[in-house]
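One letter stands for each residue in the lines below.
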Amino acid sequence: MNYAGAGPTLPTGYQAYAPGPEDVDDLVRLLSRHQREARGWPGADSLNVEAEVTGRGANTHLHEIVRDPQGTARLWISCHDRAAGRVLAGVTVDPRLRDSEADPLAGYAFARVEDLGRDVLQARGMERTQLDSGAFADDPRQQRWLREAGYTHVRDWWQMVRPVDPARDSVAEQPALRDGVVIRRVRRDDGVGLPDATDLHDVHLVLEESFADHFNSYRETFEEFVSRLREDPGHRWDHWWLATVDGQPAGALVAVTVPGSLDENDVAGPDSTYIDYVGVHRRARGRGVAKGLLRTVIADAASRHRASVALEVDADSPTGAHGLYLSLGWSTAYTTQSWHRDLSLAGSETVAG
């Protein structure tokens, strides 16, 4: 996406521009410093950053990197055109900066988010969108900047992880599914290797219906859904599962591969699995579909010798999903927050949900 720089002013000597491939490593280091300070450990990787900045996700992202007068990367601004009416806004300020240096950069960043968000609106021919930003629960400085920029804290999310034991979690150790329930990977066309279009549409439809009664639910077109998920460098078609009950589509799970991180000796650890979505249609709830899908992805991770399976759950989920995850061995590693603000071509206003 292209945009024209305008609007807020940086401190003297700072330079802002759209990052390229040569900036990826500095962005990874900047994001890692922020994660270590705000969460306790780094988790950024070059594959995901590169995908957003110059790879498959670049067409739906607007980015800006800001360097200080000495050339050090101090700020990263990201706006992801996730779907019609939804822009994900990321602001990462170098945690090594004192408040007196960081506050002006944060102010600039959130003003630029509005500029870039309006670019998204103009490109889509829309009048209004939601700016969706976030913070770690233990990051009061980021939370202060969000409040000062007019955002409202609307939700908490538990980031949960389950270790995988290749022996204990193998397919052979999983209990049988209930009568009438079938779980399989999305089918593939052997001729071209692409997934079956009907299966993909069924996954999309089931997930749309499953989350219709959840917080901040919004409609995403099939094309937006598939294109967005394929942007993730960990995307694999064999990580998509469809569940049927009595022959009808009833549940779906979409996961990705997360590369193992490097240790102090630069040796990569085992990969992990991350669940992007798991949903069960309301008409099929109570049939053991969610447990079946979760046990399926656990067994798949065990067969691949993955280290863990991770996921995110709404702290106020109306389905009680947190209890299900706890019963299957997940525990909360840390908590994140969603902060929202409405944006229009004419102006912005704070929202509460």
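Shown above is the structure to which this text applies.
So, how was this worked out
- Residues numbered from 1 in each chain as written.
- Predicted model: local features only at pLDDT ≥ 70, side-chain atom pairs only at ≥ 80, totals over all residues.
- Heavy atoms only, no water.
- Helix = DSSP H or I, 4+ residues; strand = E, 2+ residues; numbered from the N terminus.
- Rg over C-alpha atoms; globule rule 2.2 N^0.38 Å.
- Buried < 20%, exposed > 50% of the residue type's maximum accessible area, 1.4 Å probe, protein only.
- Areas by Shrake-Rupley, 256 points an atom, 1.4 Å probe, with all protein chains shown as cover.
- Lys, Arg positive; Asp, Glu negative; His and termini not counted.
- Charge placed at Lys NZ, Arg CZ, Asp CG, Glu CD.
- 1 Å grid on protein atoms, 1.4 Å probe; cavity = no way out; pocket = protein on both sides within 12 Å on 5 of 7 lines; lining within 4 Å.
- Points joined across faces, edges and corners; volume = space filled by probe spheres on them.
- Nonpolar A, V, L, I, M, F, W, Y, C, P; charged D, E, K, R; others polar.
- Salt bridge = Lys/Arg side-chain N within 4 Å of Asp/Glu carboxyl O.
- Expected span 1.5 Å × (residues − 1).
- Contact = heavy atoms within 4.5 Å.
- Polar contact = N/O pair within 3.5 Å; in protein donor to acceptor, adjacent residues only side chain to side chain.
- Phe/Tyr/Trp six-rings, centres within 6.5 Å; stacked < 30°, edge-to-face > 60°.
- Lys NZ or Arg CZ within 6 Å of the ring centre and 35° of its normal.
- Pairing = 2+ DSSP bridges.

Undergrad: Which residues make up the overall build of the chain, and what values do they have?
TA: Helix and strand counts for the chain stand at eight helices and 13 strands. What you see for the chain is a C-alpha radius of gyration of 21 Å, in line with the 20 Å of a compact globule of 353 residues. Looking at the chain residue by residue over its 353 residues, the buried ones come to 48%. Working note: accessible area of the chain is about 16300 Å², and carbon and sulfur atoms make up 48% of it. Positive and negative charge centroids in the chain, built from 39 and 54 side chains respectively, lie 3 Å apart.

Undergrad: Give me the lowdown on the layout of surface pockets, citing residues and values where you can.
TA: For the second largest pocket, the calculated volume is near 160 Å³. For the second largest pocket, the full set of lining residues is Gln174, Pro175, Ala176, Leu177, Arg178, Gly288, Lys291, Gly292, Arg295 and Thr296. For the lining of the second largest pocket, the class distribution of residues is three nonpolar, four polar and three charged.

Undergrad: Go over the pattern of salt bridges with me, naming the residues and quoting the values.
TA: The full count for this structure, using the stated rule, is 33 salt bridges. For Arg219, the salt bridge goes to Glu209, with nearest N and O atoms at 3.7 Å. One end of the pair, Arg219, is in the loop between helix H5 (197-210) and helix H6 (222-230); the other, Glu209, is in helix H5, and 10 residues separate them in sequence. In this structure, Arg304 and Asp238 form a salt bridge, with 3.1 Å as the shortest nitrogen-oxygen distance. Of this pair, Arg304 sits in the loop between helix H7 (289-303) and strand S11 (308-314) while Asp238 sits in strand S8 (residues 235-245), placing them 66 residues apart in sequence. Where salt bridges share partners, they join Arg33, Asp68, Arg74, Asp94 and Arg96 into one cluster.

Undergrad: Quick rundown of H5? Include the residues and the values.
TA: With 14 residues, H5 should cover 20 Å at 1.5 Å per step; its first-to-last C-alpha distance of 20 Å lies within 8% of that length. Considered for burial, the residues of H5 that qualify are Asp199, Leu200, Asp202, Val203, His204, Val206, Leu207, Glu208 and Ser210. Where H5 is buried, its residues touch strand S7 (181-185), H6, S8, strand S9 (248-258) and strand S10 (272-280). Between the side-chain oxygen at the start of H5 and the backbone nitrogen of Thr198 there is a gap of 3.0 Å, and the oxygen is on Asp196.

Undergrad: Go over the packing of aromatic side chains with me, naming the residues and quoting the values.
TA: Under the definition given, this model contains eight aromatic pairs. Taking the centre distance of 6.1 Å and the plane angle of 65° together, the rings of Phe211 and Tyr277 count as edge-to-face. Within this pair, whereas Phe211 is found in the loop between H5 and H6, its partner Tyr277 is found in strand S10, the two being separated by 66 residues in sequence. A residue is classified by how much of its surface remains accessible, and Tyr277, at 16% relative accessible area, is buried. Measuring from centroid to centroid gives 6.0 Å for Phe225 and Tyr277, while their planes differ by 55°, and the two rings are tilted. A residue pair is termed long-range when its members are at least 10 positions apart, and Phe225 in helix H6 and Tyr277 in strand S10 qualify at 52 residues. With a relative accessible area of 2%, Phe225 lands in the buried category. Among the aromatic residues, those joined into a ring-pair cluster are Phe211, Phe225, Trp237, Trp240 and Tyr277. A cation over an aromatic ring shows up here: Arg39 above the ring of Tyr334, its NZ or CZ 4.8 Å from the ring centre.

Undergrad: Would you mind going over the environment of Arg128 in detail, with residue names and values included?
TA: Examined against the element boundaries, Arg128 turns out to sit in strand S5 (residues 128-136). The class of Arg128 is partly exposed, set by a relative accessible area of 40%. Arg128 sits 176 residues away from Arg304 along the chain, and the two C-alpha atoms are 44 Å apart.

Undergrad: Break down helix H1 (residues 24-39) for me, with residues and values.
TA: A rise of 1.5 Å per residue sets the reference length of H1, with its 16 residues, at 22 Å; its end C-alpha atoms lie 22 Å apart and thus fit the reference within 8%. When H1 is considered as a whole, its buried residues turn out to be Val24, Leu27, Val28, Leu30, Leu31, Ser32, His34, Gln35, Ala38 and Arg39. Gly40, located one to two residues past H1, shows a positive phi value of around 115°.

Undergrad: Talk me through unusual backbone geometry; I want residue IDs and the actual numbers.
TA: Phi at Asp246 is positive, roughly 55°, even though this residue is not glycine. Within the fold, Asp246 resides in the loop between S8 and S9. Of the residues examined, Asp246 reaches a relative accessible area of 54% and is grouped as exposed. Look at His305: it is not a glycine, yet its phi comes out positive at around 60°. Mapped onto the fold, His305 is located in the loop between H7 and S11.

Undergrad: If you had to explain the environment of Glu114 to someone new, which residues and values would you point to?
TA: Along the chain, Glu114 falls in helix H3 (residues 99-124). A C-alpha to C-alpha distance of 44 Å links Glu114 and Gln248, two positions 134 residues apart in sequence. A distance of 3.4 Å separates a polar atom in the side chain of Glu114 from a polar atom in the side chain of Arg341.

Undergrad: Give me the lowdown on the pairing of S8, citing residues and values where you can.
TA: Most of S8 is tucked away, with nine of its 11 residues classed as buried. Bridge count for S7 against S8 is five bridges, and the pairing is antiparallel. Bridging from a neighbouring strand, Val181 pairs with Val245 of S8. With seven bridges connecting them, S8 and S9 associate as antiparallel partners. Following the sheet pairing, Val245 is matched in S9 by Gln248. Here S8 folds back onto S9, and the loop between the two strands holds two residues, one of which, Asp246, carries a positive phi near 55°.

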